[in-house]
Amino acid sequence: MILLFFFVFCFLSQTQSKPILSVSSETLSKSGDSVLIQWSGVDSPSKLDWLGLYSPPNSTHDNFIGYKFLSSSPTWESGSGSISLPLTNLRSNYSFRIFRWTESEVNKKHHDHDHNPIPGTKHFLAESERVGFEPGRGPEQIHLAVTGREGEMRVMFVAEDPEERQVRYGEKEGEWRGDVAVARVGRYERKDLCHAPANESLGWRDPGWIFDAVMSGLKGRVKYYYQVGSESKGWSTTRSFVSWDTNSNEAIAFLFGDMGTATPYVTFTRTQEESISTMKWIQRDIEALGDNPSFVSHIGDISYARGYSWLWDEFFNLIEPVASKVPYHVCIGNHEYDWLSQPWRPEWSYATYASDGGGECGVPYSFRFNMPGNSSEPTGTHAPATRNLYYSFDMGPVHFVYMSTETNFLSGSNQYKFLKHDLESVNRTKTPFVVFQGHRPMYTTSYESRDAAMREKMIEHLEPLFVKNNVTLALWGHVHRYERFCPLKNYTCGSVGHKGEGWEPLPVHLVIGMAGQDRQPRWEPRRDHPNDPIYPQPKRSLYRSGEFGYTRLVANREKLILAFVGNHDGKAHDIVEILASGLVLNGDDGDSRKVCAVPKDQVVQQPFSSYVWVGSLLVLGGSIGYVLGFVSHARKQASSEKGWTSLKTEDT
C-alpha cells in the first residue's frame, strides 16, 4: 500500500511539474490584434528558454517563424510568465511552443542574418492551443496604385481562397449605387521561386490569393469610399481615397527607399524597427492633407523578406493604413530580385549582383504589385517573368519616372529605349518638373565598392539622358542614408547662377534609402572604433545624415520643394527648392554643406495653396514661427554636429 502511494505521488508530481502553455483567446478579429501567451511550471528556468511562433501549427520544430525569450517576461525566474504578441493573419492558424535551450548547446556557427545563434529545439517543453482569425471579416493587405489612365485607381488585396471578390465604391460611404468592379486573381507557388530559403520549407509559407481590381469612371479630386470582398466571404471595413485630377497644378508625394518592416519577434533575418516611425509620420502628413491627393514612392528594398515569405505579410500589414488611402508605388531593388544566375549579369557586375533576394527572384514583387505600363523581363528559369521594372506617370506639374537598376539599362536595352523615349517625350509645359527614381545610386559618398563599376555604367549611359532632358531630381536608395548633392554632371557641381554667372539646369541627385534598414555606412569614426575608415564629405555632397526618415515633395508649376523629414522628431532637417527653369534656389556649392535652410525672405512669398505651402514647409500644422525657429536650429546644428547616429556595419 505504501509502495503504491509512493508511485502515485511520483506520478502526480511529474504531471504537475510539466509546463503548461495557454493563450488568452483562440480567435482574433483581424491582423494586429494581440494574444496573451501564458506559461507556468517551467522548472529551473534559464535565460535561454524560448517561445516559438509556428504557422501553420503542424510545422516542424525547426520551422518557426519567430521567437521570443521567456526572460522578456518580468516574472520568468519563477517559472511562470506571459508575453503579449500582435499577430498578422497568415491565412493559417498559429500555435506556440516553449523549449529549453542551454548555453552548452549554443552553436555560434548556426546563426541568423543578424549573427544571433539560432535557438535549439532539442528540449521541447509544451505547446499551446491553436489561434486563428474570424472568418467573414473581408480581405486584408489592401493597397492602391494609379494605372496611368485618367479616372482610374487600382486596388489590390489578399484573401485565403480564389473565390470571386469585388471592389465597390462611391462618393458617399455605404451608397455604392452599382459601382462595382470584379477583381482578377492570381498567386505564385513554391516551385516558382529560385532557391533557398524562398523555396524551402523554412522560408516558404502560402502567400494566399492576390486580387487586383480597377475602379474606373472616377471624377477628378473627389473623395471616394470603397470596400473589397464579397457577400459570401465578407467585406473589408470602408476605406477612402481622393482621386487624382490630371489638370491639377499641384503634386504631393512621400518618397524613400529601403524601409522593410518590423516584427514583434526575432526571426531568421534582420527586421527594421524604424519602419514603424516612417509610416507613423507619413500617416500624420496624409491626415493633415485632408482632401488633397498624394502618393507614396518606395524605391526598392521593400519588405526585406529575403525569402521568408511571412515578412511580406508583415510588410503589407504595416503599410495598409497608408497604402489603402493613397497610391503606393515601388521599383525593384536587390533584395527583391538578385540571385546568382539572374539573366543579366555582365562580367563587370559580378561583385554587384549577388544572392540578396533570398531566392525570390522578383516573383513576390511581381505578383504583389501592379505598376503602370507593361515592362517585364524573362527570368531565364521556370520562374514567371519579372514585372514592374520601369514605368512613368504624371501627377500635376511633375513627371515621375522609375527604372530598374537590377536589369539591363545599357544603351540598346529595352529599358534604355523606354527611358530615352519617355524623357524625350515629356511635355514641359504640362509637367515642368521631372523626378527620376531607381534603387542603386548613380552618386554616393558612402564606401560601396561593390557597385563602383555599375555607377560608372550609369554615368556613361544614363547621365547624358538626364542632362540632355533636364531631369530635375534623381532619387536613389540602396545606401541607408540621406544625402543631397549639388546640381551635378560627371562628379562636378554646375553653376547655379546665384551671383549672376551663366548656369545650366543639371539634375540634383539625392540618396534617400534611410526609411528603416539600420545597416548603414559610416562617414565618421566612433571613439571606440578609431581605425574605421573615414569617408570625407566632398564638395559635391551638400548635406548628409544618418538619421532615419523620408522625403516630402511638394510642387506647383513654378517651384518644387523637397524636404527631408527625420523620424526622431517628425520635422524637416534639409530643404531644397528648384524653379521650373531648373534654377536651384538653395542647393549651391557654397557654404551650406551639411544643412541647408530656407532663407527667411522666401518663406512668405509663395503661390502655393494653403496645404502645399503651410503643410510642406511648416511641417503640416506648424507655424511661421516654427520655420524661423527651424532656420535657427539648422544653423546651430550645422556648427555643432560632428558626426551622425551610431550605426552598425554596412549592408545594402
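Residues numbered from 1 in each chain as written. Predicted model: local features only at pLDDT ≥ 70, side-chain atom pairs only at ≥ 80, totals over all residues. Heavy atoms only, no water.

## What about the state of the cysteines?
What is meant by a disulfide is a covalent connection between two cysteines, made through their sulfur atoms.
Moving on, step 1. On inspection of all chains with the given rule, the structure shows two disulfides.
Moving on, step 2. Between the sulfur of Cys194 and that of Cys361 lies a disulfide, 2.2 Å long from S to S. With the S-S dihedral at roughly 95°, the linkage between Cys194 and Cys361 falls on the right-handed side. Note that Cys194 is positioned in the loop between β14 (184-186) and β15 (209-215) and Cys361 in the loop between α4 (334-337) and α5 (363-368), a separation of 167 residues in sequence.
Moving on, step 3. Of the residues examined, Cys361 reaches a relative accessible area of 0% and is grouped as buried.
Moving on, step 4. Covalently, Cys486 is tied to Cys493 through a disulfide, its sulfur atoms 1.9 Å apart. The sign of the S-S torsion, about -90°, decides the handedness of the disulfide formed by Cys486 and Cys493: left-handed.
Moving on, step 5. Classification of Cys486 as buried rests on a relative accessible area of 1%. (Disulfide = S-S within 2.5 Å. Helix = DSSP H or I, 4+ residues; strand = E, 2+ residues; numbered from the N terminus. Buried < 20%, exposed > 50% of the residue type's maximum accessible area, 1.4 Å probe, protein only.)

## So, empty space enclosed by the protein
Moving on, step 1. Taken as a whole and assessed by the stated rule, the structure comprises six cavities of 30 Å³ or more.
Moving on, step 2. Within this model, the largest cavity holds a volume of roughly 110 Å³.
Moving on, step 3. Val242, Gly290, Asn292, Lys325 and Val326 are, among the 14 residues lining the largest cavity, the residues nearest its centre.
Moving on, step 4. Listed by contribution, the elements that provide at least two residues to the lining of the largest cavity are β18 (239-242) and α2 (274-289).
Moving on, step 5. Classifying every residue of the lining of the largest cavity by side-chain character gives seven nonpolar, four polar and three charged.
Moving on, step 6. Counted as a void, the second largest cavity has a volume near 50 Å³.
Moving on, step 7. Every residue along the wall of the second largest cavity is listed here: Tyr188, Leu193, Ala198, Gly203, Trp204, Gly307, Ser309, Trp312, Glu360 and Pro364.
Moving on, step 8. Here the residues of the lining of the second largest cavity sort into six nonpolar, three polar and one charged. (1 Å grid on protein atoms, 1.4 Å probe; cavity = no way out; pocket = protein on both sides within 12 Å on 5 of 7 lines; lining within 4 Å. Points joined across faces, edges and corners; volume = space filled by probe spheres on them. Nonpolar A, V, L, I, M, F, W, Y, C, P; charged D, E, K, R; others polar.)

## Brief notes about the confidence of the model for the protein
Moving on, step 1. Predicted confidence across the protein gives a mean pLDDT of 87, with 84% of residues reaching 70 or more.
Moving on, step 2. pLDDT under 50 marks residues 1-15. Its contacts with residues more than four places away, or in other chains, come to zero contacts.
Moving on, step 3. Below a pLDDT of 50 lies the segment residues 595-650, which in the model reaches 117 contacts outside its immediate sequence neighbourhood of four places, other chains included. (pLDDT = per-residue confidence, 0-100. Contact = heavy atoms within 4.5 Å.)

## Some words on the nonpolar core
Soluble globular proteins tend to pack their nonpolar side chains together in the buried interior.
Moving on, step 1. Formed by 133 residues in total, the largest nonpolar core has its most connected members in Phe96, Tyr328, Phe400 and Leu553.
Moving on, step 2. In terms of residue count, helix α3 (residues 310-323) provides more of this core than any other element does, nine residues in total.
Moving on, step 3. Dropping the residues within four chain positions of it, Tyr328 is found in contact with Leu144, Phe256, Met259, Met279, Val296, His298, Phe315, Ile319, Ala323, Phe369 and Met371.
Moving on, step 4. Among the nonpolar cores identified, the runner-up in size contains 29 residues, and Met454, Phe466, Phe485 and Leu542 belong to it. (Core = buried A, V, L, I, M, F, W, Y, C linked by side-chain atoms within 4.5 Å.)

## Let's talk about the sheet that holds strand β6 (residues 81-86)
Moving on, step 1. The antiparallel open sheet is built from three strands, whose spatial order is β1-β3-β6. If you trace the sheet from one side to the other, it starts and ends with β1 (20-23) and β6, each paired once. Direction aside, the axes of adjacent strands within the sheet are offset by 20° on average.
Moving on, step 2. Bridge count for strand β3 (residues 34-40) against β6 is six bridges, and the pairing is antiparallel. Bridge pairing in β6 links Val35 to Leu85. (Pairing = 2+ DSSP bridges. Axes fitted to C-alpha atoms, helices over the stretch in contact; angles between N-to-C directions.)

## Some details on the pairing of strand β26 (residues 433-438)
Moving on, step 1. Burial analysis of β26 places six of its six residues in the buried class, which makes it a mostly covered element.
Moving on, step 2. With burial as the criterion, each face of β26 is covered, one bearing Phe433, Val435 and Gln437 and the other bearing Val434, Phe436 and Gly438.
Moving on, step 3. Of the strand pairs in this sheet, strand β25 (residues 398-402) and β26 are connected by five bridges, and their pairing is parallel. By the bridge assignment for β26, His399 is matched with Val434.
Moving on, step 4. Read as a crossover between parallel neighbours, the route from β25 over helix α6 (residues 414-424) to β26 is right-handed.
Moving on, step 5. Pairing of β26 with strand β27 (residues 473-476) involves four bridges; the strand directions are parallel. (Right-handed = clockwise from strand over helix to strand, strands pointing away.)

## Points about α3
Moving on, step 1. Taking 1.5 Å of rise per residue, the 14 residues of α3 would be expected to cover 20 Å, and the 19 Å separating its terminal C-alpha atoms lies within 8% of that figure.
Moving on, step 2. For α3, the principal kink sits at Asn317 and spans about 30°; a proline, Pro321, occurs within the next four residues.
Moving on, step 3. The set of residues buried in α3 consists of Trp310, Leu311, Trp312, Asp313, Glu314, Phe315, Phe316, Leu318, Ile319, Glu320, Val322 and Ala323. (Expected span 1.5 Å × (residues − 1). Bend = angle between axes of the 7 residues up to and from the residue.)

## Points about the side chain of Thr352
Moving on, step 1. With respect to the helices and strands, the residue Thr352 is situated in the loop between α4 and α5.
Moving on, step 2. With sequence-adjacent residues up to four places away left out, Thr352 is seen in contact with Asp338, Arg440, Arg450, Asp451 and Met454.

## Overview of the pattern of salt bridges
Moving on, step 1. Enumeration over the complete set of coordinates arrives at 31 salt bridges.
Moving on, step 2. The salt bridge partner of Arg177 is Glu175, with a shortest N-O separation of 3.3 Å.
Moving on, step 3. Arg177 sits in the exposed class, given a relative accessible area of 69%.
Moving on, step 4. The exposure class of Glu175 is partly exposed, given its relative accessible area of 36%.
Moving on, step 5. Several salt bridges converge on common partners, so that one network encompasses Glu160, Asp161, Arg165 and Lys233. (Salt bridge = Lys/Arg side-chain N within 4 Å of Asp/Glu carboxyl O.)

## Quick look at the pairing of strand β16 (residues 223-230)
Moving on, step 1. Counting buried positions along β16 yields seven of eight residues, so the element is predominantly enclosed.
Moving on, step 2. Across four bridges, β16 lies against β18 in antiparallel orientation. Its bridge partner being in β18, Tyr226 is matched across the sheet by Arg239.
Moving on, step 3. In this structure, β16 lies alongside strand β17 (residues 234-235), joined through two bridges in antiparallel fashion.

## Focus: α2
Moving on, step 1. Along its 16 residues, α2 runs 23 Å from first to last C-alpha, staying within 8% of the 22 Å computed at 1.5 Å per residue.
Moving on, step 2. Looking at α2, one finds that the buried residues are Ser275, Ser277, Thr278, Met279, Trp281, Ile282, Asp285, Ile286 and Leu289.
Moving on, step 3. In the stretch just after α2, Gly290 is the one whose phi turns positive, near 65°.

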